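# Chains, contacts and geometry: an overview
Next come the chains, spelled out residue by residue.
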Amino acid sequence: MVLLCVLCLAVSAVLPSSPAKSKKAGDSKRVYLIHADELTYDRWRNNGAQVLRGHVQFEHDGARLYCDSANYFEPSNSFEAWGDVKMVQGDTLSLTGDYGYYDGNEKTLEAINRRMNLERLEQVVSKIRAGRNIHQHLDLIAGLPYEDYESFGRSFNRVYAMRPDQLQLGFLKVLNGTPIFDQAEESGIVYSKQPPYEVLYTKWLPYRDVVRLKKIEEMVELYYNSNQFVNTLTQLVKAFDSPFAMFEALAEYYENHQLFTNSPSRVYRYEVLLNFATEKNGKKEFYTDLMTYDLYLRENMKSRPDFCRSIFDEVYKKFKHDFYKEEEASRHYLADLGVYDARQLAGMTHLERFEYPVWDGERLNPEEKDPGYLLFDYSKRDPLTKEARTVRVP
């Protein structure tokens, strides 16, 4: 689970992939939607919540919860409630209010003595990110009490939605003198007896799932934490039910193609991701443009990788020649490189032709091409991401 989890009336939340499930007999861990007069759902709005209105009722672990309206985050087993909120559990408990946040996974936080307002954390992370001058690292810990593979996936999705610069997947270390060490036997936590005393399995998380998470951890390191595939991942995740599902599928792809035994080069990782994306979702030309864009944002490649589209036809050569000659004379785009001639400017920058407007995430659509040229200026990089400045060239 996240070592970032919350308790407002309880803990966690994130991107759902489908409307509410029916209740299963004997499953008291799930929060179930019993009734709502109206339910609307848009995967890309309201943080992926199912929006409920009118006589809303939930049930969880013997408790009934009532409200006028709610945002239901089914995959994270939680919801926000507004207007005449009431929780009733038998004859012993009745709580009322105007607002409530409820999560069915609170036992994990109780077990590790954590109390956290995740909504507040999300706000703080968002404000820091808006400043674009501080790297943010958020951690997830696997192997905590009451945390299984499914709930870890829900936690991953919520932290991923915060868009940290680094999302570190770690595994519980059972250190002498900590509360977890004292609870290990009772909680069924089995760990290595040699440093770093890392969890091997628990009664909630079997060894096979720890191994699966180890492979997902490697995918997150290679493709997310490297910050080399930012734009590609932003689009590719839309082809999956959730970010966790995407990295899970990528780890499976690596396993099936025996890629975990290799130490692939950076360019080869682009090729692997392109093959994976194409196999899962088609649209090879679209993903090729995205990966070419991600690649040249980071580096002015001296030799063009094989996966990139060939652009060195006569049309491109003439456009490039004319552009740099005009730039040498006018300095319209590269004013700070005024001492360099056309040949030098061409070597210090890169001019790429795209079929899709990959530089404009808001209007980018795999079904709509808008061919154009983009200039990569490596003399001006983003201080946080180190990405080159880009300019659309008419």
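It should be emphasised that the depicted structure is a prediction, and the values quoted were computed from it without experimental measurement.

Rules used throughout
Residues numbered from 1 in each chain as written. Predicted model: local features only at pLDDT ≥ 70, side-chain atom pairs only at ≥ 80, totals over all residues. Heavy atoms only, no water. Patch = residues over 30% accessible without salt bridge, like charges linked within 9 Å, V, L, I, M, F, W, Y side chains within 5 Å. Areas by Shrake-Rupley, 256 points an atom, 1.4 Å probe, with all protein chains shown as cover. Salt bridge = Lys/Arg side-chain N within 4 Å of Asp/Glu carboxyl O. Helix = DSSP H or I, 4+ residues; strand = E, 2+ residues; numbered from the N terminus. Buried < 20%, exposed > 50% of the residue type's maximum accessible area, 1.4 Å probe, protein only. Contact = heavy atoms within 4.5 Å. Polar contact = N/O pair within 3.5 Å; in protein donor to acceptor, adjacent residues only side chain to side chain. Core = buried A, V, L, I, M, F, W, Y, C linked by side-chain atoms within 4.5 Å. Pairing = 2+ DSSP bridges. Axes fitted to C-alpha atoms, helices over the stretch in contact; angles between N-to-C directions. Parallel < 35°, antiparallel > 145°, perpendicular 65-115°, else oblique. Left-handed = near helix turned anticlockwise from the far one by under 90°. Nonpolar A, V, L, I, M, F, W, Y, C, P; charged D, E, K, R; others polar.

This paragraph deals with a nonpolar patch on the surface. A contiguous nonpolar surface patch, about 290 Å² in accessible area, is contributed by L200, Y201 and Y207. Topologically, Y201 is positioned in strand β10 (residues 199-201). According to the relative accessible area criterion, Y201 is partly exposed, its value standing at 37%.

Another point: the environment of K369. Among the secondary structure elements, K369 is positioned in the loop between β11 (349-354) and β12 (372-381). Judged by relative accessible area, which is 45%, K369 ranks as partly exposed. A sequence separation of 14 residues divides K369 from E355, and the C-alpha atoms of the two residues are 5.7 Å apart. Setting aside chain neighbours within four positions, we find K369 in contact with E285, E355 and Y356. Polar contacts involving the side chain of K369 include one to the side chain of E285, which spans 2.9 Å.

Moving on, we get to the pattern of salt bridges. This model, assessed by the stated rule, comprises 24 salt bridges. A salt bridge links E150 to R30, with the nearest nitrogen and oxygen atoms 3.8 Å apart. Taken together, the residues E150 in helix α3 (residues 149-161) and R30 in the segment before β1 (32-35) connect sequence positions 120 residues apart. On the basis of relative accessible area, R30 is assigned to the buried category, the value being 14%. Between E198 and K214 there is a salt bridge, with its nearest N and O atoms 2.6 Å apart. Placement of the pair is E198 in the loop between β9 (190-191) and β10 and K214 in helix α5 (residues 207-224), with a sequence separation of 16 residues.

Turning our attention to the nonpolar core. Counting residues in each nonpolar core, the largest one holds 73 residues, and the members touching the most others are F156, L213, I216, Y223, L233, F247 and L273. Considering every element that reaches this core, the biggest residue donor is helix α7 (residues 243-256), with nine residues. Not counting residues within four places of it along the chain, the set of residues in contact with F247 comprises F156, Y160, I216, M219, V220, Y223, Y224 and L233. Counting residues in each nonpolar core, the second largest holds 15 residues, with L52, F58, L65 and V85 among its members.

Moving on: the pairing of β11. With six of six residues buried, β11 lies mostly within the body of the structure. The alternating pattern of β11 places T349, L351 and R353 on one face and H350, E352 and F354 on the opposite face, and all of these are buried. Taken together, the six bridges between β11 and β12 define a ladder with antiparallel strand orientation. Residue pairing for β12: R353 is matched across the bridge by Y373.

Below, the discussion takes up the packing of α7 against helix α8 (residues 266-281). Put simply, α7 and α8 touch, their axes get as near as 11 Å, and they point 110° apart. By the criterion of interaxial angle, the relationship of α7 to α8 is roughly perpendicular. Our pair here, α7 against α8, has a crossing hand that is right-handed. Two secondary-structure elements touch here, α7 through M246, A249, L250, Y253 and Y254 and α8 through R269, V272, L273, N275, F276, E279 and K280. Across the contact of α7 with α8, the residue classes break down as eight nonpolar, one polar and three charged.

Geometric descriptors of this kind do not, in isolation, establish any biological role.
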